[in-house]
Protein chains: 2
Amino acid sequence: MDLKWNNAYPGVWTFQTGEPELTLTGVAGRKPSSHLIQLDEMECPENLTCDVFGKYTVIRIPLTDDDRVFGSGLMFQKVITDNQAYHLRVDHFAGMEVGNSHAPVPFVAVSNGIGLLCNTPEKVDFYIRTAHRKEDKERIVEHDRASDGNWSCYNPPYFIEIAVQSSDVEFVLFRGKNIKDCVARFNLYCGGGFIPPKWGFGLWHRTNMTMNENDVQGVVEDYRKHDFPLSVIGLEPGWQSGSYPCTYDWSEKNFPNAEKMIRNFLKDGIRVNLWENPCISERSSVYKKLYPYAGSHLLWCGIVPDYTLPEVRTILKDHHKTTHFAKGVSGYKLDESDGYDKWLWPDHAQFPSGLSGFVFRNLCGLLFQRITYELYHEQDQRTYGLTRSTNAGGVGFPYILYNDRYDFKEFVTGLCSCGFTGALWCPEVRGAKTVSEWIRRFQLLAISPMLLLNAWANYATPWMFPEAEETIRETVKLRESLLPYFYTAFAKYHFEGIPPYRPLFMDYGLFLNANKATLGELDDTANPYQEVQTTDIKDQFIVGESLMAAPLEPETTSRKVIFPPGKWFDFHTGKQVVENGGVIEIFCGEHDPMPLFAPDGAIVPVKVDGSLQVKKFGTKPGKYMLYDDDGETFAYERGEYHWTELLV
Amino acid sequence: MDLKWNNAYPGVWTFQTGEPELTLTGVAGRKPSSHLIQLDEMECPENLTCDVFGKYTVIRIPLTDDDRVFGSGLMFQKVITDNQAYHLRVDHFAGMEVGNSHAPVPFVAVSNGIGLLCNTPEKVDFYIRTAHRKEDKERIVEHDRASDGNWSCYNPPYFIEIAVQSSDVEFVLFRGKNIKDCVARFNLYCGGGFIPPKWGFGLWHRTNMTMNENDVQGVVEDYRKHDFPLSVIGLEPGWQSGSYPCTYDWSEKNFPNAEKMIRNFLKDGIRVNLWENPCISERSSVYKKLYPYAGSHLLWCGIVPDYTLPEVRTILKDHHKTTHFAKGVSGYKLDESDGYDKWLWPDHAQFPSGLSGFVFRNLCGLLFQRITYELYHEQDQRTYGLTRSTNAGGVGFPYILYNDRYDFKEFVTGLCSCGFTGALWCPEVRGAKTVSEWIRRFQLLAISPMLLLNAWANYATPWMFPEAEETIRETVKLRESLLPYFYTAFAKYHFEGIPPYRPLFMDYGLFLNANKATLGELDDTANPYQEVQTTDIKDQFIVGESLMAAPLEPETTSRKVIFPPGKWFDFHTGKQVVENGGVIEIFCGEHDPMPLFAPDGAIVPVKVDGSLQVKKFGTKPGKYMLYDDDGETFAYERGEYHWTELLV
């Protein structure tokens, strides 16, 4: 069919088939950022095609050999997604990457600066360089696998082919000057990133789920004794009068003086964050009100209200306001909207608004965030928390994704790939078998969006390994010192759409020589199709304006680091590490600070003993805009913020 | 809606919603076995419910606490499927069991003897004990997770809830006296199992894909020199004039005298089997004829003809007949109809008959088997081969499933779970890192449906570890000696529907005390929902009438074996192992024969030096019916076979 793109903003076009009832961004309730209109106009890509047939809408984006494709949601095993098929589905990531994700955001970004959002909660499948059509004019050249070295499992012409299981779909097309600019426009279209409250950057501790008021106060006291500056205490299921299913009401038995406890904590600068999940108990004070709006199926015996209904959101917001917010609660951990598949309602469940279980699942985490975000926004207080699932449109919700996996490599790759999703990832720390693991995990965490020790199922503390206590304390201090730098990164996320965590590719492109081999090494089990291994940098990432992190895995004291072209400097010592990019082995003792590198000209503001210092690396002239505001309210939305130009 | 079951056969009922165009059994083209009418009548279960709404047909089977559920296709990690959700999809099993399977057969069997086949190629999701409804009358009892030891992640009432994404579906309900009888009725309804030709039980070797005629003759000669009795030589892609996409034509360059080679092999009793996959090259002699019938998308540059069209099946059958069968070829390996997902056509592909890519994918492997099976059947010659995917209805096709994984445990569990699928599994041997691995893999293979050394990507031979050569030879001889026993097992598969490979549960039920704990051990990463680990015996299986196999893993010389109640005997020594079931540690030296056990009263016919001997175990009176026929033709379908009663 005729693909007529409507120019919505500079470099942003929309197109729809049929009459879509719901869009992801619409459900999130956010408006595009006004910053979009200040960006340069771009020429509309004219080479996409679209077909609607049967239950499908299929859109196709042509690729060249050299293009690389990113996105299709949060990934834990790959950053580059070429030559893969993904069937997007909200699900706990369980080790196999086929589209099941905590953030199956239906957005792809191509290295040529083109991006596409399927702005729909319906089922979306991405076929990236894998779908070839009989009628494609450019004929494929056949080779014989057994005798011809030119045989390859990949064959041009290349396309991204995206199928949506609906004939009513909105697509949003983005074009930036480069892929970073494309992603920025996507984030701005979704409303722009959130800015956390400043207290959100501090140390978080989630307490064991069986703990009562006294136990929790004991934990806080222990932190004081050990001189670890606790910022947020998280209460797990046991704070409620019933959980799994939840009541969202305080347990009179375990937290008889909840408000008093919270107010006392607040006096010491410690916030309280509450765990919740979407299933509501018949013992809850909101059960009866919500029952008529609940879906056909139960979740852990509880009803699941249809959050797409404004009545439901109002009931829940009001309850959260009077029962939690009014008592001083600062935010939430919104658990299990991903459901590990089997725990959730089935795909065919029916919700009162007419949505299927599958579609509601795509929206549940997004709307759970929306309800609580809007409560705090209305009160002009920022909140910060965790969510187990999200989707496109959620970029402005101050929630970080997490899961139950505990694979160090996956956690790092999550921080890389989240840059293409409009979501952020938290590699929380829960425990460790060794001192080395404890330190390495904390080091990664210290430069992640949230510094969270999650002891919901155990009694872990930062000082659980006495021989590592001082190292962990220094690691937490490193994070504190970087607060101005982190905070500015989030301001750029909000105002300019630049994700604070990015894979190297987004800033530096494919700077390594691409592997041009046709055939990979044959292995009947590991590589039966002789796939060529492309270089996918998934264990290093850029955080903020310019710093490059190269986390060390547990039990290691050295690793290979890939440096993009140009000079690079050790963040801690200021010494030059490479003259013009390249791959080198770096060493880092068990108790040494984690490897962080700065490019030539980088400027990094740090807070040392309460005062701001500016670190400058190399000799290249540099400029850095430092952001600041009140750190707690939404006054920045009303223009109350300032940028300071740092010239060194 | 009103669920009115129509009694089709004793213990078999059908019911349909709307007007289904295709059924799995209909597509397979097989008729129910006449043996069905001889079985006892059963009472129709009246407690199932069915609803049709939107695009779904949902059927519900109530369960009690003590029921156990099996099936939902070939599984590699579980045999008992309770508390899981499966989204069935033909796919290479890649390590995560969520419904992706080489045989996603939409059939479940419950320990109470009830089974259900969703006789449809449409999308089927199984929710086994995981879907609870708001309106269920039996109200769930809530417990608090943080404080109440009675909390459980599982909650009655229990159901299997099955959703088919179509409003036109045929369901087939089975009820047997027990679960084995239920599965037998399912297999008979699908036409009854196949009986392989006797040569099929011999040693198979698949040659490296780059080999030409001389190379292949060299391999056969090597087998002769090493005194390994080769039965089948398999040619991989390189036998064709082009492959990936395939021509299905002989390579003039590499196999100029193919027929002469094959005829010479046949003189020595060696059959030739050819590799194929579903994509057809423009260089193939059948390309032009098939082009009009091909689907919208290419597979490895080749067209994929719509096998549901009779014209396509005729063209392919004729080509295979004149080009292969007429030259003496004995069968096929039908590869890659599972596609590793990304290699296959997309779900939204369009096929000329009107089927979507998703539906055709559910049928492709089944029809690929049908085409070649019917060719041989028409010629009154049995064939035997391999297929990469299958579905319900394929029980009578003489093809064994395989994949590219190489995990020993998965391979054993595949042999257990396949008993519930109407398909069989082949744990092929490709290579090994150690002598122990080589021996353990061959030992498992020697009692599997096909003794296949698959050297398509290497040059492995049975004697590749000189120190193991004699052990491997003895292992092959053990299989040869068991031919009468195996052959009879397949006759029972055909005539009575009893699968030749079965998990212990199918014969012995839940003989271990079920774990009645409410809560499993909490682990924030490994078991966050405190799931109770049920005893799932997935590393032992029953082969044939009564023998129990307990394969040893590579690098081990001992293991725990679970014995059902009663006396059990060592197959090799005849010595009693246990008095009345139980769990014991057994030992097996690296070069010892693999552990096989016989229950009290078991009778096992073996062939020793060309003559039949009968082994009797224990003192319990036993009876064994030994089957025989010509071993090569379908004369047995015309009554030319005999059963011999062995009374010892």
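None of these values were measured; they are calculated from a predicted model.

Reports often express the size of an interface as the amount of accessible area lost when the parts come together. Listed as interface residues are 78 residues of chain B and, on the opposing side, 78 residues of chain A. Scanning the region where chain B abuts chain A turns up 36 residue pairs in polar contact (both at pLDDT 80 or more). For the side of chain B that touches chain A, the secondary structure elements donating two or more residues are β4 (56–63), β6 (84–87), β11 (124–128), β12 (132–133), β13 (158–164) and β18 (297–298) of chain B. Tallied by class, the residues present in the side of chain B that touches chain A amount to 33 nonpolar, 23 polar and 22 charged. By the bridge criterion, 2 bridges tie strand β18 (residues 297–298) of chain A to β12(B) in an arrangement that is antiparallel. Its bridge partner lying in β12(B), A:His297 is registered against B:Arg133.

Along the chain, the position of A:Gly18 falls in the loop between β2 (12–17) and α1 (24–28). Those residues in contact with A:Gly18 that lie beyond four places of it in its chain are A:Ser167 and A:Asp168.

Here the focus is the relation of the copies chain B and chain A. Once turned by 180° and shifted 0.0 Å along the axis, chain B lies on chain A with an RMSD of 0.0 Å. Taken together, the rotation and translation describe the operation of a two-fold axis. Across chain B, the smallest distance between a C-alpha and the rotation axis is recorded for B:Met96, namely 3.1 Å. Most of the interface of chain B is mirrored in chain A: 100% of its interface residues are interface residues there too.

Take the sheet that holds strand β3 (residues 49–53) of chain B next. Residue and element names in this part refer to chain B. Here we have 5 strands laid out as an open sheet, ordered β3-β4-β13-β11-β6, and antiparallel in their pairing. Edge strands, defined here as strands with exactly one partner in the open sheet, are β3 and β6. Looking at each pair of strands side by side, their axes are set apart by 10° on average, direction ignored. Inspection of the sheet shows β3 paired to β4 by 5 bridges, in the antiparallel sense. Looking at β4, one finds that phenylalanine 53 is bridged to tyrosine 56.

Once that is clear, we can look at the pattern of salt bridges. Side-chain pairing between opposite charges can occur once the charged atoms of the two side chains come close. Residues and elements named next belong to chain B. Within this structure, the stated rule accounts for 77 salt bridges over all chains. Two residues, arginine 185 and aspartate 181, come together in a salt bridge whose shortest N-O distance is 3.0 Å. Taken together, the positions of arginine 185 and aspartate 181, both in helix α2 (residues 179–189) and 4 residues apart, correspond to about one turn of that helix. On the basis of relative accessible area, arginine 185 is assigned to the buried category, the value being 1%. Owing to a relative accessible area of 15%, aspartate 181 belongs among the buried residues under this scheme. For aspartate 341, the salt bridge goes to arginine 361, with nearest N and O atoms at 3.1 Å. In this pair, aspartate 341 is assigned in the loop between β19 (331–334) and α7 (357–378) and arginine 361 in helix α7, connecting sequence segments 20 residues apart.

Here is what the cut-offs are and how they apply
- Sequence order as written defines the numbering, with residues in each chain counted from 1.
- The naming scheme follows written order: chains are lettered A onward, ligands numbered 1 onward.
- With pLDDT at 70 or above as the cut-off, local features in this predicted model cover only qualifying residues; side-chain atom pairs require 80 or more to be listed or tallied, and sums for whole chains, interfaces and linings still use all residues.
- For the side-chain quantities, the full set of heavy atoms in the structure was used; hydrogens and water were omitted.
- By the convention used here, residues are in contact when the closest approach between their heavy atoms is within 4.5 Å.
- Two N or O atoms count as a polar contact when they lie within 3.5 Å, although within protein this holds only if one can serve as hydrogen donor and the other as acceptor, and sequence-adjacent residues are included solely when both atoms are side-chain atoms.
- Helix and strand assignments come from DSSP, with helices taken as H or I runs of at least 4 residues and strands as E runs of at least 2, each series counted from the N terminus.
- For this scheme, ten residues count as nonpolar: Ala, Val, Leu, Ile, Met, Phe, Trp, Tyr, Cys and Pro. Four count as charged, namely Asp, Glu, Lys and Arg, and the remainder, Gly too, count as polar.
- One bridge is not enough; two strands pair if DSSP finds at least two bridges between them.
- A residue counts toward the fit only if its pLDDT is at least 70 in both copies, and the copies are then superposed by least squares on the C-alpha atoms of those residues.
- Lines fitted to the C-alpha atoms define the axes, with helices restricted to the stretch that makes contact. Angles between their N-to-C directions range from 0 to 180 degrees.
- Here, a salt bridge means any Lys or Arg side-chain nitrogen found within 4 Å of an Asp or Glu carboxyl oxygen.
- Only protein chains enter the calculation, and the probe is 1.4 Å; a residue is then buried if its accessible area is under 20% of its type maximum, exposed if over 50%, and partly exposed in between.

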